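Descriptive structure summary
Here are the chains, one letter per residue:
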Amino acid sequence: VFVSLIALAQAQNFAEQYDEAIASYKQALTINPNANNYSLLLIHKSLAEIYLSQQKYIEALSELEQQQKVLKNIYLEIEVSFGMVYAKTKDKDNLKMHLTIAKKYYDKEIYFSYYIDYHALWGVYYKLIKDWDKCFQAFDLALSSCQGAEPFHENSILKMKAEAMLEAGRYEEAANIYKT
(Lines give C-alpha, C1' and ligand atoms only; values in the text may rest on other atoms or scores of the structure.)
Protein backbone atom coordinates (compact mmCIF):
# COMPACT_ATOMS: atom_id res chain seq x y z
CA VAL A 1 0.00 0.00 0.00
CA PHE A 2 2.83 2.37 0.92
CA VAL A 3 4.55 2.10 -2.48
CA SER A 4 1.19 2.33 -4.26
CA LEU A 5 0.42 5.58 -2.46
CA ILE A 6 3.77 7.04 -3.50
CA ALA A 7 3.16 6.01 -7.12
CA LEU A 8 -0.33 7.51 -6.96
CA ALA A 9 1.04 10.74 -5.50
CA GLN A 10 3.66 10.97 -8.24
CA ALA A 11 0.99 10.48 -10.91
CA GLN A 12 -1.24 13.09 -9.27
CA ASN A 13 1.67 15.51 -9.08
CA PHE A 14 2.45 14.95 -12.76
CA ALA A 15 -1.23 15.58 -13.59
CA GLU A 16 -1.01 18.82 -11.56
CA GLN A 17 -3.50 17.50 -9.00
CA TYR A 18 -1.41 18.94 -6.24
CA ASP A 19 -3.84 18.74 -3.32
CA GLU A 20 -4.53 15.10 -4.10
CA ALA A 21 -0.79 14.42 -4.38
CA ILE A 22 -0.19 16.04 -1.00
CA ALA A 23 -2.93 13.91 0.54
CA SER A 24 -1.49 10.72 -0.97
CA TYR A 25 2.04 11.50 0.22
CA LYS A 26 0.77 12.28 3.73
CA GLN A 27 -1.27 9.08 3.77
CA ALA A 28 1.86 7.15 2.83
CA LEU A 29 3.70 8.75 5.75
CA THR A 30 0.83 7.89 8.08
CA ILE A 31 0.84 4.27 6.98
CA ASN A 32 4.61 3.91 7.24
CA PRO A 33 6.16 6.72 9.33
CA ASN A 34 9.37 4.68 9.73
CA ALA A 35 9.92 4.08 6.04
CA ASN A 36 13.47 3.76 4.80
CA ASN A 37 15.47 6.95 4.43
CA TYR A 38 15.30 6.97 0.64
CA SER A 39 11.50 6.78 0.57
CA LEU A 40 11.31 9.54 3.16
CA LEU A 41 13.65 11.70 1.09
CA LEU A 42 11.49 11.22 -1.99
CA ILE A 43 8.29 12.09 -0.15
CA HIS A 44 9.63 15.19 1.62
CA LYS A 45 11.39 16.43 -1.52
CA SER A 46 8.22 16.02 -3.56
CA LEU A 47 6.07 17.71 -0.93
CA ALA A 48 8.53 20.62 -0.72
CA GLU A 49 8.39 21.06 -4.52
CA ILE A 50 4.59 20.99 -4.57
CA TYR A 51 4.33 23.51 -1.73
CA LEU A 52 6.88 25.73 -3.44
CA SER A 53 4.87 25.66 -6.68
CA GLN A 54 1.78 26.62 -4.65
CA GLN A 55 3.71 29.44 -2.98
CA LYS A 56 3.19 27.81 0.42
CA TYR A 57 6.63 28.72 1.64
CA ILE A 58 6.23 27.82 5.31
CA GLU A 59 5.07 24.31 4.36
CA ALA A 60 7.89 24.00 1.81
CA LEU A 61 10.46 24.96 4.45
CA SER A 62 8.96 22.45 6.88
CA GLU A 63 9.34 19.66 4.32
CA LEU A 64 12.89 20.73 3.55
CA GLU A 65 13.68 20.54 7.28
CA GLN A 66 12.26 16.99 7.33
CA GLN A 67 14.41 16.16 4.32
CA GLN A 68 17.44 17.58 6.10
CA LYS A 69 16.80 15.30 9.13
CA VAL A 70 16.65 12.27 6.84
CA LEU A 71 19.86 13.30 5.09
CA LYS A 72 21.55 13.66 8.47
CA ASN A 73 20.81 9.99 9.17
CA ILE A 74 22.07 8.97 5.73
CA TYR A 75 25.30 10.94 6.16
CA LEU A 76 25.84 9.44 9.60
CA GLU A 77 25.20 5.94 8.21
CA ILE A 78 27.79 6.54 5.46
CA GLU A 79 30.41 7.83 7.89
CA VAL A 80 29.81 4.91 10.27
CA SER A 81 30.19 2.55 7.29
CA PHE A 82 33.51 4.16 6.39
CA GLY A 83 34.50 3.81 10.03
CA MET A 84 33.72 0.10 10.00
CA VAL A 85 36.03 -0.45 7.05
CA TYR A 86 38.83 1.57 8.62
CA ALA A 87 38.33 -0.23 11.94
CA LYS A 88 38.75 -3.59 10.18
CA THR A 89 41.88 -2.38 8.38
CA LYS A 90 43.18 -0.77 11.59
CA ASP A 91 43.63 2.57 9.82
CA LYS A 92 43.35 4.78 12.89
CA ASP A 93 43.83 8.09 11.04
CA ASN A 94 41.00 7.54 8.58
CA LEU A 95 38.83 5.99 11.30
CA LYS A 96 39.24 9.11 13.43
CA MET A 97 38.60 11.37 10.45
CA HIS A 98 35.28 9.64 9.63
CA LEU A 99 34.21 9.51 13.27
CA THR A 100 34.92 13.23 13.52
CA ILE A 101 32.81 13.85 10.42
CA ALA A 102 30.09 11.57 11.83
CA LYS A 103 30.02 13.70 14.98
CA LYS A 104 28.49 16.54 12.90
CA TYR A 105 25.46 14.34 12.15
CA TYR A 106 25.23 12.60 15.51
CA ASP A 107 22.66 13.29 18.19
CA LYS A 108 20.82 11.17 20.72
CA GLU A 109 17.75 11.00 18.48
CA ILE A 110 19.52 9.08 15.72
CA TYR A 111 18.60 5.60 14.64
CA PHE A 112 19.41 3.26 17.53
CA SER A 113 21.82 1.04 15.60
CA TYR A 114 23.89 4.01 14.39
CA TYR A 115 24.18 5.26 17.98
CA ILE A 116 25.59 1.92 19.10
CA ASP A 117 27.95 1.59 16.13
CA TYR A 118 29.22 5.16 16.52
CA HIS A 119 30.29 4.59 20.13
CA ALA A 120 31.66 1.11 19.46
CA LEU A 121 33.84 2.55 16.69
CA TRP A 122 35.22 5.14 19.10
CA GLY A 123 36.10 2.18 21.32
CA VAL A 124 37.98 0.61 18.42
CA TYR A 125 39.77 3.88 17.69
CA TYR A 126 40.90 4.27 21.30
CA LYS A 127 42.02 0.63 21.29
CA LEU A 128 44.18 1.35 18.22
CA ILE A 129 45.88 4.26 19.97
CA LYS A 130 45.97 2.33 23.28
CA ASP A 131 43.99 4.89 25.28
CA TRP A 132 42.43 2.18 27.43
CA ASP A 133 40.25 4.33 29.69
CA LYS A 134 38.52 5.99 26.76
CA CYS A 135 38.38 2.67 24.92
CA PHE A 136 36.47 0.91 27.69
CA GLN A 137 34.24 3.95 28.30
CA ALA A 138 33.23 3.99 24.64
CA PHE A 139 32.53 0.25 24.59
CA ASP A 140 30.56 0.54 27.84
CA LEU A 141 28.46 3.36 26.41
CA ALA A 142 27.70 1.29 23.32
CA LEU A 143 26.88 -1.74 25.48
CA SER A 144 24.63 0.23 27.81
CA SER A 145 22.65 1.32 24.77
CA CYS A 146 22.02 -2.26 23.68
CA GLN A 147 20.19 -3.24 26.88
CA GLY A 148 19.19 -6.61 25.45
CA ALA A 149 17.43 -5.03 22.47
CA GLU A 150 20.35 -5.58 20.10
CA PRO A 151 21.81 -9.00 20.99
CA PHE A 152 24.01 -9.28 17.88
CA HIS A 153 25.44 -5.81 18.43
CA GLU A 154 25.90 -6.55 22.10
CA ASN A 155 27.82 -9.79 21.51
CA SER A 156 30.00 -8.17 18.88
CA ILE A 157 30.87 -5.25 21.16
CA LEU A 158 31.52 -7.57 24.10
CA LYS A 159 33.98 -9.48 21.94
CA MET A 160 35.70 -6.24 20.87
CA LYS A 161 35.92 -5.11 24.50
CA ALA A 162 37.32 -8.47 25.61
CA GLU A 163 39.97 -8.34 22.87
CA ALA A 164 40.91 -4.83 23.98
CA MET A 165 41.15 -6.00 27.59
CA LEU A 166 43.48 -8.82 26.55
CA GLU A 167 45.64 -6.35 24.66
CA ALA A 168 45.67 -4.05 27.69
CA GLY A 169 46.78 -6.94 29.91
CA ARG A 170 43.48 -7.12 31.81
CA TYR A 171 43.20 -10.89 31.46
CA GLU A 172 40.81 -11.63 34.32
CA GLU A 173 38.28 -9.05 33.13
CA ALA A 174 38.56 -10.36 29.57
CA ALA A 175 37.98 -13.91 30.80
CA ASN A 176 34.83 -12.78 32.63
CA ILE A 177 33.47 -11.27 29.42
CA TYR A 178 34.21 -14.44 27.47
CA LYS A 179 32.30 -16.45 30.10
CA THR A 180 29.09 -14.47 29.47
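Summarised in this report is the structure supplied together with it.

Rules and cut-offs
Residues numbered from 1 in each chain as written. Predicted model: local features only at pLDDT ≥ 70, side-chain atom pairs only at ≥ 80, totals over all residues. Heavy atoms only, no water. Disulfide = S-S within 2.5 Å. Buried < 20%, exposed > 50% of the residue type's maximum accessible area, 1.4 Å probe, protein only. Helix = DSSP H or I, 4+ residues; strand = E, 2+ residues; numbered from the N terminus. Lys, Arg positive; Asp, Glu negative; His and termini not counted. Salt bridge = Lys/Arg side-chain N within 4 Å of Asp/Glu carboxyl O. Polar contact = N/O pair within 3.5 Å; in protein donor to acceptor, adjacent residues only side chain to side chain. Contact = heavy atoms within 4.5 Å. Phe/Tyr/Trp six-rings, centres within 6.5 Å; stacked < 30°, edge-to-face > 60°. Patch = residues over 30% accessible without salt bridge, like charges linked within 9 Å, V, L, I, M, F, W, Y side chains within 5 Å. Areas by Shrake-Rupley, 256 points an atom, 1.4 Å probe, with all protein chains shown as cover.

Here we take up the state of the cysteines. A complete count under the given rule lists zero disulfides for this structure. No disulfide involves C135; its sulfur sits 15 Å from the nearest other cysteine sulfur, which is in C146. Accessibility expressed as a relative area gives 0% for C135, which makes it buried.

The next thing to look at is the side chain of E63. Along the chain, E63 turns up in helix 4 (residues 57-88). Although buried, E63 forms no salt bridge, and the nearest oppositely charged side chain, K26, lies 5.2 Å from it. Only 2.6 Å separates the side chain of E63 from the side chain of H44, close enough to count as a polar contact. Contacts of E63, omitting those with residues within four sequence positions, involve H44, L47, A48 and Y51.

Across all of its chains, the model carries nine aromatic pairs by this definition. Ring centres 6.4 Å apart and planes at 10° place the aromatic pair F82 and Y86 in the stacked group. Separated by four residues within a single helix, F82 and Y86 lie in helix 4, roughly one turn from each other. A relative accessible area of 36% places F82 in the partly exposed class. With a centroid separation of 5.8 Å and an interplanar angle of 20°, the aromatic rings of Y106 and Y115 are classed as stacked. An identical accessibility class is assigned to Y106 and Y115; each is buried.

We now examine a nonpolar patch on the surface. Together, Y75, I78 and F82 make up a nonpolar patch on the protein surface, roughly 260 Å² of accessible area in all. Here Y75 lies in helix 4. Y75 sits in the partly exposed class, given a relative accessible area of 38%.

Interpretation note: all reported values are geometric properties and have no functional meaning in isolation.
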